[in-house]
Amino acid sequence: MADALVLKDVKKIYGDREAVKGISFSVREGEIFGLIGPNGAGKTTTLRMICTLLNITEGSISVCGHDVMKESEEVRKIISYLPEDSGAYKDLTGRQYIRFMAAFFADGEKYHQMVEKGIRMSNLGDRIDSKVSTYSKGMMRRLLIARAMMPEPKLAVMDEITSGLDVMNAYEIREIVRDIAKNGVTALISSHNMFEVESLCSRVAMINHGNIVEHGTPADLKRKYDANNLEEVFVRAVKK
Amino acid sequence: MNHLVNITKKELKELLTPGSIVSIVVVMVLLMSVGTVIGGEVEESSAAADIGVVYDAGAGIDPAASYAYLDTPAEIKLLIQDAYAYLYGTDGGTAASFIHYLDVASGDDDGIIAAMESKGLSYVISVPDAITSNIAGIKTMSGAEQTRIDTYFIFKDEGLFGSASDSVGTSLVGAMNSILSKKIADMAISGDSSYILQPLTWGGDGNHTSVNGTVYSGITPYALSGSMMSQSLMVPIVVMIVILMVGSVVISSMGSEKENKTLETLLTMPIRRTTIISGKLLAAAIVGLVYGVAYMIGMMFYMTGLTVGSTDVNLSDYGLSLGMLDWVILMAILFLAIFSALGICMILGAFTKNYKMAQQMTMPISFLAIIPMFVFMFMSWSALPALGKALMFLIPFSHPMMAMNNLMLGDMSVILGGMAYLLIFDAITIFITVKIYNSDILITGLEQTKFMRKLNKLFNMKKEDHENS
């Protein structure tokens, strides 16, 4: 299977601080890949570089063969980014928000189809015509995931997708992500919730202080460190 | 009580930020400065000024002259000198030094205006030679006739209080009239009391004012300034409001986008960054235009209500109206200035983190709009000192504020220079905006830049040293 995302010796330096210290990993087409690590490890910075929001200081990133620095516009056509705690325009209704976003990707009949798909995926029922400002956290997250998935991206990048959600909403969101992967979309998710990543991802990379400390399938990593879960793997890998 | 103190302290801490304290101090200093400027203008307008007199230029002033029969030019000159001394509270010698006799024929309007311009005089009175025979007529009641004293002005846009000197100019003839009346009465010569009480007439058609090189009769600069006051006040206020509104819209939009994290999503859409910038600029410009038109209409009604009955001067009768081309130029300057505001706000907006910070970020743009507003409400471009002119020229929002008066008075060098400056200013701000939108600053803020990191490090080191000691 070909690689949808490849990072080679990627560094991000802010002044005299190295936020990301030359990391490398790749994500295969159609898999759910987890980037895990504690807060401040460099997860969000890495995702932002992949999504063309931040410039890369050193190294290279390619998405489906497109270099993010040299072909940023091409990359933005095939990715969808869902930032942590992101929101939508509060003065719009859910439907208006879906329409606004769909207009960046399609027009004519394709546009209408995309809007219908987005509304269906959000599963908000009648509330799709309510103002976004009246949505609960779970409803907001469903709307944003629908927005991210309706253009059928090749790579979906999601930062802390279930942070702040209750058990029911978090479960529902994880199910949506599984469905997305079944439909052939490659997903890169970041989280500091290692149990969530273990249940979702086929492979993971562990990042700490800007370095990849370990990567592989959850099963291989648990075996390698003789651990019961990824949390134990992470602790032992960091101490190594 | 402790709870109340606790809550009040917390609220005060939130409300009295360094930013809000600076804005309070700046507004106070601004108001004080404006007060001083107005005081200076009023003081200057009522101070003794050089005047010109068209009357018996060849003979000069006889320092030994005294009142006898009021039938010699020397006595008339003494009368003018005494009236001046009375009006400005000076002695006779000082008054004489301010009075300049012009070698021009009485009634030669263009010749008098040319002499005024060459000598830099604010106003001139023209006394006909017949004044002595008219006074003799009043005294003897044989062919009694009043003498019309003509006054000449050159209209300059000198701001709200600069034109006060014109009223002082006409008062000179009034003072002459009072003194002359008393002198005639003192001579106790029987005659028509109405002529004794009012041997002179002035004002009305006797006023002559040069506007843009054309001499108009029956008008004074004071009356013209009064009519122009409505727009002198209105234009700066409307421009200031539009700039503040537009600035607030753009910066708040950026603050809101960052707070709701919608900006990150927007920046990953398959569109150019320049399209995002253009869209935001265009929307804000349309809002600015709507604000501008709405406020202009509202202010026009307000000012009409405020000034109704105070003046019946039709400015277009004196060539002081705007043609179609002038309106086009005015709108172009307003548009360029709004664009400058938008450019500055897009740059400032890039550094905001949330809605609250966005509100504070509007402060620099508020100062840049309020300062020229205060200046041009009370002063005109031509009345500003060189340093003031330089400062006002550099502030982009000054240009639409002074454009209307400059267009009316045909001062095209300031208009065209201002347009060229605004074009360059706008190009630079757009260039900087595009650079910022293509950099990491938009996402990370200033904290992650090399300079700010070094500054923070330095600050933290000093703090640690202080705590350790």
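All of the points below concern the structure found in this document.

Parameters and conventions
Residues numbered from 1 in each chain as written. Chains lettered and ligands numbered in written order. Predicted model: local features only at pLDDT ≥ 70, side-chain atom pairs only at ≥ 80, totals over all residues. Heavy atoms only, no water. Helix = DSSP H or I, 4+ residues; strand = E, 2+ residues; numbered from the N terminus. Buried < 20%, exposed > 50% of the residue type's maximum accessible area, 1.4 Å probe, protein only. Areas by Shrake-Rupley, 256 points an atom, 1.4 Å probe, with all protein chains shown as cover. Pairing = 2+ DSSP bridges. Expected span 1.5 Å × (residues − 1). Core = buried A, V, L, I, M, F, W, Y, C linked by side-chain atoms within 4.5 Å. Domains from an automatic or database assignment. Axes fitted to C-alpha atoms, helices over the stretch in contact; angles between N-to-C directions. Parallel < 35°, antiparallel > 145°, perpendicular 65-115°, else oblique. Left-handed = near helix turned anticlockwise from the far one by under 90°. Contact = heavy atoms within 4.5 Å. Nonpolar A, V, L, I, M, F, W, Y, C, P; charged D, E, K, R; others polar. Buried area = accessible area lost by both parts, 1.4 Å probe. Salt bridge = Lys/Arg side-chain N within 4 Å of Asp/Glu carboxyl O. Polar contact = N/O pair within 3.5 Å; in protein donor to acceptor, adjacent residues only side chain to side chain.

A few points about the overall build of chain A
Reasoning step 1: When its secondary structure is counted, chain A shows nine helices and 10 strands.
Reasoning step 2: Expressed as a percentage of its 240 residues, the buried residues of chain A come to 54%.
Reasoning step 3: About 10600 Å² of surface is accessible on chain A, with carbon and sulfur atoms providing 47% of the total.

Re the pairing of strand S6 (residues 214–217) of chain B
Residues and elements named next belong to chain B.
Reasoning step 1: Judged from the four bridges that link them, strand S5 (residues 200–211) and S6 form a sheet pairing that is antiparallel. Across the sheet, the residue bridging to Thr209 is Tyr216, located in S6.
Reasoning step 2: Connecting the antiparallel pair S5 and S6 is a turn made up of two residues, with Asn212 showing a positive phi of about 50°.

Quick look at helix H6 (residues 131–140) of chain B
Reasoning step 1: For H6 of chain B, a buried count of seven out of 10 residues is recorded, marking the element as mostly surrounded by other parts of the structure.
Reasoning step 2: For H6 of chain B, every residue scored as buried is listed here: Ile131, Thr132, Asn134, Ile135, Gly137, Ile138 and Lys139 of chain B.

A short note on the pairing of strand S10 (residues 211–216) of chain A
Residues and elements named next belong to chain A.
Reasoning step 1: When strand S9 (residues 203–208) meets S10, the two strands line up antiparallel, connected through five bridges. Along S10, the bridge assignment pairs Ile207 with Ile212.
Reasoning step 2: Between S9 and S10, which pair antiparallel in sequence order, lie two residues; one of them, His209, sits at a positive phi of approximately 50°.

Side note on helix H3 (residues 73–88) of chain B
Each α-helix winds once per 3.6 residues, and so residues spaced three or four apart point in a common direction.
All names here are of chain B.
Reasoning step 1: End to end, H3 covers 23 Å across 16 residues, agreeing with the expected 22 Å (1.5 Å per residue, within 8%).
Reasoning step 2: Taken residue by residue, H3 has Glu75, Ile76, Lys77, Leu78, Leu79, Ile80, Gln81, Ala83, Tyr84, Ala85 and Tyr88 as its buried positions.
Reasoning step 3: Gly89 sits one or two residues past H3 and shows a positive phi near 70°.

With respect to the nonpolar core
Reasoning step 1: The biggest cluster of nonpolar side chains holds 168 residues, and the ones touching the most others in it are Leu5, Ile50 and Leu188 of chain A.
Reasoning step 2: The leading source of residues in this core is helix H10 (residues 221–259) of chain B, at 15 residues.
Reasoning step 3: Here this core spans two domains, and each of domain 1 (45–219) and domain 2 (229–438) of chain B adds at least three residues to it.
Reasoning step 4: By size, the runner-up hydrophobic cluster in this structure holds 29 residues, among which are Ile51, Ile76, Ala83 and Ile125 of chain B.

Some remarks on the packing of helix H3 (residues 94–102) of chain A against helix H5 (residues 137–149) of chain A
Angle between the axes and distance between the axes: these two values describe a pair of packed helices.
All names here are of chain A.
Reasoning step 1: Packing of H3 against H5 brings their axes to within 10 Å, and their N-to-C directions diverge by 25°. By the angle between their directions, the pair H3 and H5 is classed as roughly parallel. Pair H3 / H5 crosses with right-handed handedness. Counted together, Gly94, Tyr97, Ile98 and Met101 of H3 and Leu143, Leu144, Ala146 and Arg147 of H5 form the full contact between these two elements.
Reasoning step 2: Each residue belonging to the contact of H3 with H5 can be placed in one class, and the counts come to six nonpolar, one polar and one charged.

Some points on the packing of helix H4 (residues 108–122) of chain A against H5 of chain A
All names here are of chain A.
Reasoning step 1: Running from N to C, H4 and H5 point in directions that differ by 145°, and their axes come no closer than 8 Å. As for how H4 packs across H5, the hand of that crossing is right-handed. Here Lys117, Gly118, Met121 and Ser122 of H4 lie close against H5, whose contacting residues are Arg142, Leu143, Ala146 and Met149.
Reasoning step 2: Residues belonging to the contact of H4 with H5 are distributed by class as follows: four nonpolar, two polar and two charged.

What to know about the interface of chain A and chain B
Reasoning step 1: Tallying the contact residues gives 29 residues for chain A and 23 residues for chain B.
Reasoning step 2: Of the roughly 2500 Å² buried where chain A meets chain B, counting both sides, 54% is carbon and sulfur surface.
Reasoning step 3: In terms of surface lost to chain B, no three residues of chain A exceed Leu53, Arg76 and Phe104 of chain A, which account for 24% of the buried area on that side.
Reasoning step 4: At the junction of chain A and chain B, the tally comes to three salt bridges.
Reasoning step 5: The residue Lys12 of chain A makes a salt bridge to Asp440 of chain B at a minimum N-O spacing of 2.2 Å.
Reasoning step 6: The interface formed by chain A and chain B holds nine residue pairs in polar contact (both at pLDDT 80 or more) in total.
Reasoning step 7: Those elements that place two or more of their residues in the side of chain A that touches chain B are strand S1 (3–14), helix H2 (72–78) and H3 of chain A.

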